[in-house]
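# Breakdown of the fold
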Amino acid sequence: MYKAVLFDMDGLIIDTEKHYQKAWIQAAKELGFNMTVKEQLYLRSCTKKYAEPIMQKFFGPDFDYDKVRNRRKEIMDEDLKKFGIEKKPYVDEILDFLKEEGIKRALVTATHETKAREYLKEIELEEKLDKVICADMVENGKPDPDIYLFACKKIGEKPSDCLALEDSPNGVRSAYSAGVDVIMVPDLSKPDEELNKIILKSAGSLKDVISFLQNMEIQ
């Protein structure tokens, strides 16, 4: 059995990726770039170091990543004030199950700490986590392994004793590169052939992850 489970946030425990998608596309179009879902999907859990050149490859060197991102933040804030933060199904159930089993629980998110804790407080999940690890705590964010290596250090467990739950390709690559086993719980897209080679499995929901862990105990 794993000693710790490491959770992504957006698209995994909170249903915000759909808002990010809308906001990125709207912001880009307002600034003259015809972004579609195809291009936006590359931005999930992706640090600027990788996201900026990817977007400039799609839209040319004039794509101002920071300007588009800042406008995206404004649109995102407006949408979340209107719709609120929604939990993904079975979040409380899996966190309660892990606590009962004595398994540590940490958040490992590409979102900065102030915003992440704001979201967690709104949905009353902050107290259910042992650690909250955020993008601004490491030099290189996802898909680099730094944030998962840092999370393992902070929670006091070896990567090989941890399980990561991710919904995006960049998040999966980050955890896998750190030596952490990964289950993908898809949100906006399913794993492709490359990802299927590095994940333990693709789960339909967090409820399926609970079943997976229960089966590990039996075996």
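Coordinates for the structure precede this section.
This section reports on the structure supplied with the text. Just so it is clear, the structure is predicted and the values come from calculations on it, not from any experiment. Each chain has its residues counted from 1, running along the sequence as written. Local features in this predicted model are restricted to residues of pLDDT 70 or higher, and side-chain atom pairs are both shown and tallied only at a pLDDT of 80 or more, whereas totals for entire chains, interfaces and linings draw on every residue. As a rule here, side-chain values cover all heavy atoms of the structure and leave hydrogens and water aside.

## Section: the pairing of strand β3 (residues 131–134)
Bridging between strand β2 (residues 104–109) and β3 involves four bridges; their strand directions are parallel. In the sheet register, Leu107 faces β3, and the bridge partner there is Val132. The parallel pair β2 and β3 is bridged by helix α6 (residues 113–122), and the resulting crossover is right-handed. Only when DSSP finds a minimum of two bridges between them are two strands counted as paired. Put simply, DSSP marks the helices as runs of H or I at least four residues long and the strands as runs of E at least two long, and each gets a number from the N terminus on. Every crossover in which the path from the first strand over the helix to the second runs clockwise, viewed with the strands pointing away from the viewer, is termed right-handed.

## Describing helix α5 (residues 91–100)
It helps to recall that an α-helix has 3.6 residues per turn; residues three or four apart then point in one direction. Residue exposure (1.4 Å probe, protein chains only): buried if accessible area is under 20% of the type maximum, exposed if over 50%, otherwise partly exposed. The set of residues buried in α5 consists of Val91, Ile94, Leu95, Phe97 and Leu98. Taken down its axis, α5 places every buried residue within 160 degrees of arc, on the same side. Residues of α5 that are exposed and point more than 90 degrees away from the buried face comprise Lys99 and Glu100. Positive backbone phi, approximately 75 degrees, marks Gly102, located one or two places after α5. What the arc covers is the set of directions going from the helix axis to the C-beta atoms.

## So, the pairing of strand β5 (residues 181–184)
Of the pairings in the sheet, the one linking strand β4 (residues 162–166) to β5 comprises four bridges and is parallel in character. The partner of Leu163 across the bridge, within β5, is Asp181. The handedness of the β4 to β5 crossover, carried by helix α8 (residues 169–177), is right-handed. Strand direction decides the pairing type here: β5 and strand β6 (residues 201–202), joined by two bridges, are parallel. In the sheet register, Met184 faces β6, and the bridge partner there is Ser202.

## Quick word on the packing of aromatic side chains
For this analysis, a ring pair means two rings from Phe, Tyr or Trp (six-membered ring only for Trp) whose centres lie within 6.5 Å, classed as stacked if their planes differ by under 30 degrees, edge-to-face if by over 60, and tilted for the remaining angles. By the definition in use, this model includes six aromatic pairs. Judged by centre distance (5.8 Å) and plane angle (35 degrees), the ring pair of Trp24 and Tyr65 falls under tilted. Taken as a pair, Trp24 in helix α1 (residues 17–30) and Tyr65 in helix α4 (residues 65–83) lie far apart in primary sequence, 41 residues in all. Each of the two residues, Trp24 as well as Tyr65, counts as buried.

## A few points about the side chain of Glu157
Note that Glu157 resides in the loop between α7 (146–155) and β4. A 3.5 Å cut-off defines polar contacts: any pair of N or O atoms within that distance qualifies, except that in protein one atom must be a possible hydrogen donor and the other a possible acceptor, and neighbouring residues in sequence count only when both atoms are side-chain atoms. Within the structure, Glu157 has its side chain in polar contact with the side chain of Lys104 (distance 2.8 Å). It only takes one pair of heavy atoms within 4.5 Å for two residues to be counted as in contact. Leaving out residues up to four positions away in the same chain, Glu157 has contacts with Lys3, Ala4, Lys104, Cys152 and Cys162.

## Notes on the pattern of salt bridges
Salt-bridge detection follows one rule: a side-chain nitrogen of Lys or Arg within 4 Å of a carboxyl oxygen of Asp or Glu. Following the criterion strictly, the structure yields 22 salt bridges and no others. For the salt bridge of Asp77 with Lys115, the shortest nitrogen-to-oxygen distance reads 3.3 Å. With Asp77 in helix α4 and Lys115 in helix α6, this pair connects stretches of sequence that are 38 residues apart. Residue class for Asp77 comes out partly exposed when judged on its relative accessible area of 31%. We note a salt bridge from Lys115 to Glu118, for which the minimum N-O separation is 3.9 Å. With Lys115 and Glu118 both in helix α6 and three residues apart, this pair spans about one turn of that helix. Lys115 gets classed as partly exposed once you look at its relative accessible area, which sits at 26%. The class of Glu118 is partly exposed, set by a relative accessible area of 42%. Among the ionic contacts, a cluster of salt bridges with common partners joins Asp15, Lys18, Glu86, Lys88 and Asp187.

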